[in-house]
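# Close look at the chain arrangement
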Amino acid sequence: MLPKTLFALCVSLTAWPLAAQDKVPLAPRFEPGMYRLVHVQELESGVASPGAPLAGTRSTVEFQVELQAAKVGAKGQAFEMEIKHIRHTLREGGQITVFDSDKPHSDKNAGQPMLRALAGAKFAFVLDQKGKLLSASGAKDVWQRMRAMQPGIGPPGQEDLQAIHDFVLSDVVLLGRDLLPPSAAVGERWTVPHPNLPMQKQVDAVQCALLRMEKGQAVVQGSTADSPAAPAKDAKAPPKPADAPRQQVNVSLRVDTATGLMEKATIEVRSQQTFKPGKDEKETEPIDLHGSIRSESTWTRK
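Residues numbered from 1 in each chain as written. Predicted model: local features only at pLDDT ≥ 70, side-chain atom pairs only at ≥ 80, totals over all residues. Heavy atoms only, no water.

### Notes on the packing of aromatic side chains
Aromatic ring pairs are reported here in terms of the distance separating the ring centres and the angle at which the planes meet. Spelled out, the test is: Ring pairs are drawn from Phe, Tyr and Trp, using the six-membered ring of Trp, whenever the two centres fall within 6.5 Å, and their geometry is named by plane angle: stacked under 30 degrees, edge-to-face over 60, tilted for the rest. Per the convention used, a helix needs a DSSP run of H or I reaching at least four residues, while a strand needs a run of E reaching at least two, with both numbered from the N terminus. Here's how the labels work: a residue is buried when its accessible area is under 20% of the maximum for its type, exposed when over 50%, partly exposed in between, all with a 1.4 Å probe on protein chains only.
Per the stated rule, a full pass over the model turns up 5 aromatic pairs. Aromatic pair Phe-30 and Trp-299: ring centres 5.1 Å apart, planes at 65°, arrangement edge-to-face. One end of the pair, Phe-30, is in the loop between strand S1 (24–25) and strand S2 (33–49); the other, Trp-299, is in strand S14 (residues 287–301), with 269 residues separating them in the sequence. The class of Phe-30 is buried, set by a relative accessible area of 7%. By relative accessible area, which is 6% here, Trp-299 ends up buried. Pairing Phe-79 with Phe-125 gives two aromatic rings, centres 4.9 Å apart and planes at 10°, and the pair type is stacked. Of this pair, Phe-79 sits in strand S4 (residues 76–92) while Phe-125 is found in strand S6 (residues 122–127), placing the two residues 46 residues apart along the sequence. Overall, the relative accessible area of 3% leaves Phe-125 in the buried class.

### Structural notes on empty space enclosed by the protein
Rule in force here: The rule is simple: put a 1 Å grid over the protein atoms alone, call a set of points where a 1.4 Å probe fits but cannot get out a cavity, call an open set with protein on both sides within 12 Å along at least five of seven lines a pocket, and count a residue as lining if it has an atom within 4 Å of a point. Grid points are joined across faces, edges and corners, and a volume is the space filled by probe spheres set on the points. When residue character is reported, Ala, Val, Leu, Ile, Met, Phe, Trp, Tyr, Cys and Pro are called nonpolar, Asp, Glu, Lys and Arg charged, and the others, Gly included, polar.
Here the structure, examined in full by the defined rule, presents 2 cavities of 30 Å³ or more. Around the largest cavity, the lining is made up of 13 residues, and of these Phe-30, Val-173, Arg-177, Met-262 and Trp-299 lie nearest the centre. Looking at the lining of the largest cavity, the elements that each hand over two or more residues are strand S13 (262–275) and S14. Across the lining of the largest cavity, the residue classes break down as 9 nonpolar, 2 polar and 2 charged. Taken as a whole, the second largest cavity encloses approximately 40 Å³ of empty space. In terms of lining residues, the second largest cavity is bounded by Phe-63, Val-65, Met-81, Ile-83, Phe-167, Val-168, Val-172 and Val-173. Residue assignment for the lining of the second largest cavity shows that the elements contributing at least two residues are strand S3 (52–73), S4 and helix H4 (158–173). Partitioned by chemical class, the residues of the lining of the second largest cavity number 8 nonpolar, no polar and no charged.

What follows is the structure, given as structure tokens:
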């Protein structure tokens, strides 16, 4: 009969491979308190044709946000946030235009009406127990501020207000949350059909995986699903035309498994679309449209 200590050692060694596959929590959450978010969104677009270099524009917007998270209640968790600072840099045709919300408004620091209206804007929203958005407010105030800056703008429709909430909350504050399951084991893979990506609603699916644990952080990466059969529910949908945009998605997420804070989320969507001239058109060479959106959110607790 084995001594108790030796028996315990044998049991622990036998159980180790199973323990290594234990699932870790991935669902992002906010403990009550104050948080700071730095969000950077880069948009590039251009046109390329044979014998001509790629020419286009590049827009970079940086948001600095403060968010106050309340305790979780029976109806969910309430949040209040304020956009403290916005900086926008536009590069086009060799010219660079910069808008900084901390500097006085002038011809050289004009900025787009929407960005000027968002600077200093406050929002309130509620997430349910699963992290889904239940309600939001703040878009009406942003629209009114924008109308004051540009009187030609009419009253908002429901779609206008929804677009503001979609951008500020879904694309900025909640970036990447819907790509994560409640938990996963290292090496586990999953597919997210029709993911909510920044300014992009046409991606069929994204395949993600929990690659490793690193200093208490779960490191998740993902990319466009390779299998065309991923969105099986749309099997009856007509095939995409030959000139439909070709898209590549790359995802990188880091979640602190102890606090639930998604400390960093990076999502990049690149697209290319080729237009081939018809028989009756003067152009003889195809034209490629290139575009990319890169969004990155970095969270810290104050």
